[in-house]
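# Report on the structure
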Amino acid sequence: MDIRIERTKTPKAKPADETKLGFGHIFTDHMFMMDYDEGQGWHDARIVPYGPIELMPSAMVLHYGQEIFEGLKAYRTPDGSIQFFRPEENFKRMNVSAERLVIPKINEQDALQALHALVEVDKDWVPHIDGASLYIRPFIFTTDPFLGVRPGEHYYFMIIMSPSGAYYSTGINPVDIYVETNYVRAVRGGMGFTKTGGNYAASLAGQDEAHKQNYSQVLWLDGVERKYIEEVGAMNIMFVIDGEVVTPSLQGSILSGITRKSALELCRKWGMKVSERRITIQEVADAYDAGKLDEVFGTGTAAVVSPVGHLKWGDKIMEIGGGKIGPVTQRLYDTMTGMQYGKIPDDMGWIEKL
Ligand SMILES: *Cc1c(COP(=O)(O)O)cnc(C)c1O
C-alpha cells in the first residue's frame, strides 16, 4: 500500500511532564486516514496533520452509529526502541467487528503498515517514563450524508494517537466494582462481541449509577437471565476460585479481549487450572462466603490487569484480597508489562518491534 505523508508545518510542543499525561486528552501531530467508496474499495491512504475532519450533519454515523474502533499501545523499551503487543490481533478483531456492523473489511497487513508508518512519523511522542505509553485508536465509520437506515457506501478508516500516563502512577490500586442488576449492556445476537460505540452508549447509565455510589466500574450480568457474569466496562473479568482461574466464556455478548486471551495462555503455560465457562454471580458470592474467592481481576489494554478490591452485589459487599494484589494477578501483571516494556524476554512471540 502506498501511503502519502504530509508533515505538519506547526508541530506541537511535546508534553513536558510525562507524569501528568492522564488518558486521552493530548493528541500527536499526525493521523492516518484512508477512504472507502463503494465500487472503488479502500484507497488514498495518507498520513496528515492531526486536525478536524469535515462531515455533513446528515452523516449516517451520527444518527445510526455505524462505527467500530480498536485500542492498542506503543511502548518504549529501556534502550529507547519502540514496540507493540500483538497488534495483528487488533486488526483481526476489527474485521470481526466490521462484519457484524456491515462495514467493509480492511486488509490487515495494510492496517499494520499504516500503524507502523504513523508511529514512525510521530515516534518522538512515545513517552519515556515507566508505565506511560502511546495509546493508539484505529476506527472506521460511515460518512454517507443520508437519513435512511442502511449500511453506508462511504467510510473513513482513521488512526489517532494519544500519549498516556501510567495507569498505576501510585502503585497498583484495587478498583471497586458494582454489579449492575438493572441495566444490561448487550445480549447474545447483539453487538456485545464487537468494539463499537453503541455498546459504550448502552453502558453509560449504569456507569453513572455506579459512580454515584462511589464505585469506579460496572460488572455486567447477562441480559437474559441476569445472573451470569459478563464483563466490566472495558475489561474482561477473571476469578481465582480455590486455585482455579475462571472467566466467562465467549458466547457473543462479551468482547474477546487480547489481554484476556494472553492471560489465559500464560496461566495455562504456568500449569494452572483454567476454565472458560458460564459463571453466575451467586457462585462467586458462595465462593466468597466459603473463603475460596482468592482473587478477582479485570484484564484490558489500559490497565493490563486490574485487581478488584470490593465487589458490590445488591446489599452484599465482598472485600477481596484485603486491599492487596493477589499472586496470580501480580504475576500476570509483571509478565505482560515486562514483555511490553522490553524488560523481560518475549518467549511467546507477542512483541512486534517498530
Ligand atoms: C477493549 C475492551 C476490552 C478489553 O480488550 P483488550 O483487547 O484486552 O484491550 C474488554 N471489554 C470491552 C467491552 C472492550 O471494549
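About the cut-offs
Residues numbered from 1 in each chain as written. Predicted model: local features only at pLDDT ≥ 70, side-chain atom pairs only at ≥ 80, totals over all residues. Heavy atoms only, no water. Salt bridge = Lys/Arg side-chain N within 4 Å of Asp/Glu carboxyl O. Helix = DSSP H or I, 4+ residues; strand = E, 2+ residues; numbered from the N terminus. Buried < 20%, exposed > 50% of the residue type's maximum accessible area, 1.4 Å probe, protein only. Domains from an automatic or database assignment. Contact = heavy atoms within 4.5 Å. Buried area = accessible area lost by both parts, 1.4 Å probe. Near = heavy atom within 4 Å. Polar contact = N/O pair within 3.5 Å; in protein donor to acceptor, adjacent residues only side chain to side chain. Areas by Shrake-Rupley, 256 points an atom, 1.4 Å probe, with all protein chains shown as cover. Nonpolar A, V, L, I, M, F, W, Y, C, P; charged D, E, K, R; others polar. Expected span 1.5 Å × (residues − 1).

### A short note on the pattern of salt bridges
- Here the structure, examined in full by the defined rule, presents 21 salt bridges.
- One salt bridge in this structure joins lysine 92 and glutamate 89, with 3.5 Å as the shortest N-O distance. Placement of both lysine 92 and glutamate 89 in helix α2 (residues 87–100) is noted, with a separation of 3 residues, approximately one turn of the helix.
- Relative accessible area serves as the criterion here: at 40%, lysine 92 is assigned to the partly exposed category.
- The partner of arginine 185 in a salt bridge is glutamate 231, and the shortest N-O contact between them spans 3.2 Å.

### Section: the domain arrangement of the protein
- Here the protein is described as being made up of domain 1 (4–164) and domain 2 (175–338).
- One C-alpha centre belongs to domain 1, the other to domain 2, and the line joining them spans 28 Å.
- Domain 1 puts 17 residues into the contact, and the matching count from domain 2 is 19 residues.
- For the pair domain 1 and domain 2, the summed buried area comes to about 1,500 Å², and 57% of that belongs to carbon and sulfur atoms.
- The largest share of the area that domain 1 buries against domain 2 comes from Phe69, Arg93 and Arg100, three residues that together contribute 37% of it.

### Overview of the site of the ligand
- Taken together, 15 residues sit near the ligand, with Lys195, Tyr200, Glu231, Thr259 and Thr301 positioned nearest.
- Within the backbone of isoleucine 258, an N or O atom sits 2.8 Å from an oxygen atom of the ligand.
- Threonine 301 is positioned such that a nitrogen or oxygen atom in its side chain is 2.6 Å from an oxygen atom of the ligand.
- If the ligand stood free it would expose 380 Å²; the protein chains cover 97% of that surface.
- Each residue belonging to the shell around the ligand can be placed in one class, and the counts come to 5 nonpolar, 6 polar and 4 charged.

### Points about helix α3 (residues 108–121)
- Between its first and last C-alpha, α3 extends 20 Å over 14 residues, near the 20 Å set by a 1.5 Å rise per residue.
- Looking at α3, one finds that the buried residues are Ala111, Leu112, Ala114, Leu115, Ala117, Leu118, Val119 and Val121.
- Where α3 begins, the capping side chain belongs to asparagine 107, and its oxygen is found 2.8 Å from the backbone nitrogen of glutamine 109.

### A short note on unusual backbone geometry
- Here aspartate 44, not a glycine, exhibits a phi torsion of approximately 60°, which is positive.
- Relative to the helices and strands, aspartate 44 is located in strand β3 (residues 41–49).
- Classification of aspartate 44 as partly exposed rests on a relative accessible area of 41%.
- Of note in the backbone geometry, arginine 226 takes a positive phi value of approximately 55° without being a glycine.
- Among the secondary structure elements, arginine 226 is positioned in the loop between β10 (217–221) and β11 (229–232).

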